[in-house]
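# Notes for the structure review
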Amino acid sequence: MEDKAIVVKNLKKYFKDVKAVDDISFEVGYGQLFALLGQNGAGKSTTIRILTNLAVPTSGYVEVAGYNVLKNPTEVRKNIGLVAEKVILYNDLTAMENIKFFGRLYGMKDPEIYDRAEKFLKLFDIWDFKDMLISKMSTGMKQKINLARALVPDPKIIFLDEPTLGLDPVSTKHIRDFIVQLREEGRTIVYTTHVLHDVELMNVDKVAIMRKGKIVAMGTLNEIRKHFKKAEIVEIETDRTLSFNDPKIKILEQEDGYAKVEVEDLNQFMSYLTKANIKVRSFKSLEPSLEDIYVEISEGKLDAEIETVKE
Ligand SMILES: Nc1ncnc2c1ncn2[C@@H]1O[C@H](COP(=O)(O)OP(=O)(O)OP(=O)(O)O)[C@@H](O)[C@H]1O
Ligand SMILES: [Mg+2]
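Residues numbered from 1 in each chain as written. Chains lettered and ligands numbered in written order. Predicted model: local features only at pLDDT ≥ 70, side-chain atom pairs only at ≥ 80, totals over all residues. Heavy atoms only, no water.

Below, the discussion takes up the pairing of strand β2 (residues 18–28). Pairing of strand β1 (residues 6–15) with β2, which is carried by 8 bridges, proceeds in the antiparallel orientation. Of the residues in β2, the one forming a bridge with valine 7 is glutamate 27. Here β1 hands over to β2 after 2 residues, with lysine 16 in that stretch at a positive phi of 50 degrees. (Pairing = 2+ DSSP bridges. Helix = DSSP H or I, 4+ residues; strand = E, 2+ residues; numbered from the N terminus.)

To continue, consider the sheet that holds strand β5 (residues 67–68). The strand order across the open sheet built from 4 strands is β2-β1-β4-β5, with neighbouring strands paired in antiparallel fashion. Two strands lie at the open edges of the sheet, namely β2 and β5, each paired on one side alone. Direction of pairing for β1 relative to strand β4 (residues 59–64): antiparallel, over a ladder of 5 bridges. Paired with isoleucine 6 across the two strands is valine 64, which belongs to β4. Set on the sheet, helix α1 (residues 44–51) makes contact with β1, β2 and β4; between it and β1 the angle comes to about 120 degrees. (Contact = heavy atoms within 4.5 Å. Axes fitted to C-alpha atoms, helices over the stretch in contact; angles between N-to-C directions.)

Attention now moves to the nonpolar core. Formed by 50 residues in total, the largest nonpolar core has its most connected members in Phe124, Ile145 and Ile209. Looking at this core, the element that brings in the most residues is helix α5 (residues 139–151), giving 6 residues. In terms of nonpolar packing, the next biggest core, distinct from the first, is built from 30 residues, Ala42, Val64, Ile80 and Ala84 among them. (Core = buried A, V, L, I, M, F, W, Y, C linked by side-chain atoms within 4.5 Å. Buried < 20%, exposed > 50% of the residue type's maximum accessible area, 1.4 Å probe, protein only.)

On to the sheet that holds strand β13 (residues 258–263). As summarised here, the arrangement of the 4 strands in space is β12-β13-β11-β14, forming an open sheet in which the pairing is antiparallel. Both outer strands of the open sheet, β12 (249–255) and β14 (280–286), are each paired with one neighbouring strand and no more. Strand-to-strand, the axes of this sheet are offset by a mean angle of 20 degrees, without reference to chain direction. By the bridge criterion, 6 bridges tie strand β11 (residues 232–238) to β14 in an arrangement that is antiparallel. Directly across from glutamate 237, in β14, lies its bridge partner serine 282. Contacts from helix α9 (residues 266–275) reach β11, β12, β13 and β14, with the element oriented near 15 degrees to β11.

With that settled, the discussion passes to helix α10 (residues 290–298). Residues of α10 that are buried: Leu290, Ile293, Tyr294, Ile297 and Ser298. Down the axis of α10, the sector holding all buried residues measures 125 degrees, keeping them to one side. The inward-facing, buried residues of α10 abut β3 (33–38), α7 (196–202), β9 (206–211), β10 (214–219) and α8 (221–227). (Arc of directions from axis to C-beta.)

Attention now goes to the site of ligand 1. Taken together, 13 residues lie near ligand 1, and Gly41, Lys44, Ser45, Thr46 and Glu85 sit nearest. In the model, an oxygen atom of ligand 1 is placed 2.7 Å from a nitrogen or oxygen of the lysine 44 side chain. In isolation ligand 1 offers 640 Å² of accessible surface; the protein chains occlude 62% of this area. Breaking the shell around ligand 1 down by element, the ones donating at least two residues are β2 and α1. In terms of residues, the shell around ligand 1 owes the most to one element, α1, which gives 3 residues. Looking at the shell around ligand 1 residue by residue, the classes come out as 4 nonpolar, 6 polar and 3 charged. (Near = heavy atom within 4 Å. Polar contact = N/O pair within 3.5 Å; in protein donor to acceptor, adjacent residues only side chain to side chain. Areas by Shrake-Rupley, 256 points an atom, 1.4 Å probe, with all protein chains shown as cover. Nonpolar A, V, L, I, M, F, W, Y, C, P; charged D, E, K, R; others polar.)

What follows is about the coordination of the magnesium ion (ligand 2). Ideal coordination angles are 109.5 degrees for a metal with four donors arranged tetrahedrally and 90 or 180 degrees for a metal with six donors arranged octahedrally. The magnesium ion (ligand 2) binds to the protein through Ser45 (OG) and Glu85 (OE), with metal-donor distances spanning 2.0 to 2.2 Å. Linking serine 45 in helix α1 with glutamate 85 in the loop between β6 (80–83) and α3 (95–105), this pair joins segments that are 40 residues apart in sequence. (Donors = N, O, S within 2.8 Å, 3.2 Å for Na, K, Ca; no water.)

Right, let's get into the pattern of salt bridges. Evaluation of the coordinates by the stated rule reveals 16 salt bridges. Put simply, lysine 130 and aspartate 131 hold a salt bridge, and the shortest N to O gap is 3.7 Å. Of the residues examined, lysine 130 reaches a relative accessible area of 18% and is grouped as buried. Residues arginine 187 and glutamate 185 are paired through a salt bridge, measuring 2.3 Å at the closest nitrogen-oxygen approach. Residues joined in a network through salt bridges with shared partners are Arg116, Asp154, Glu185 and Arg187. (Salt bridge = Lys/Arg side-chain N within 4 Å of Asp/Glu carboxyl O.)

A few words now on the packing of helix α4 (residues 110–123) against α5. Two elements in contact, α4 and α5, have axes separated by 9 Å at closest approach and are oriented at 140 degrees. When the axes of α4 and α5 are compared, the crossing they make is right-handed. Only Ile145, Ala148 and Leu151 of α5 make contact with α4, whose side of the interface consists of Arg116, Phe120 and Leu121. In terms of residue class, the contact of α4 with α5 is built from 5 nonpolar, no polar and 1 charged. (Left-handed = near helix turned anticlockwise from the far one by under 90°.)

Okay, the domain arrangement of the protein chain next. Looking at the protein chain, the domain boundaries give domain 1 (6–226) and domain 2 (231–287). Summarising the inter-unit geometry, the C-alpha centres of domain 1 and domain 2 are found 46 Å apart. (Domains from an automatic or database assignment.)

Right under this line is the structure:
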């Protein structure tokens, strides 16, 4: 048994000719916040469904909380909480009745369920609606109840498949902050989204970007940024109009002594400036935007390679 919260090796899930998950491997350490990113149809939910024993893989090895998901599904379920893409709640029961129903499945007693439900429903600002029928609730309200339901049994490992879908910006921020707090409490979290910005704000430990069933980039956000950084963008103010006869230097914008330049080799660029005796009034190097890198990887424009992280 390995000391990892999650171990996935060569996992595949094919639906006829659709390779929903196509030979992915990754590990998540205990206490880590792991984000699975990717466009619609990339294979995120299918991966989550396999890890939580809701779908059977075509092949590959999956271990969660130290247990083989296929061989010990009951042990796995005891250790995990899931907020699935499709809200799992009974429409004809109230919020509290739903939470009690699911809590009892975990062998919890009603007073304990009630206390923990109160904590989460108050935190999500939805306590006043505890006796409302699910069928009468808005999407965002249901999503919050669903999250509370998953957290009430106090799982060690939490899977959140787009938990902020349909939530307004204020609620989204609450949930994001709350996820960070769960991690600080030592829980392991696997979080899927197609919104890169959420991941940046949450300061996740590790990101895997999926495309067409494959993991095309994996690492910390900084590692991904560094790995795919092709060129540096510099903003420069000089005493004249610039022009370079070198394919490694591309002038992106230029106006009134101000220029935005993409350079492959910064040292070489600087020596050009010195040799031509160009006076530099100001100089600023811009970080490549992670958003740009992410969009390019997701669309398959960047020749992505799997980057492994040091734990
Ligand atoms: N039960 C199924 N039967 C057939 N194909 C499926 C099934 N479930 C998923 N797929 C296909 O597998 C691929 C991956 O789907 P998945 O739901 O895992 O993507 P996703 O990354 O979660 O996307 P989204 O961001 O839209 O939720 C898609 O092409 C989808 O059509
Ligand atoms: Mg999905």
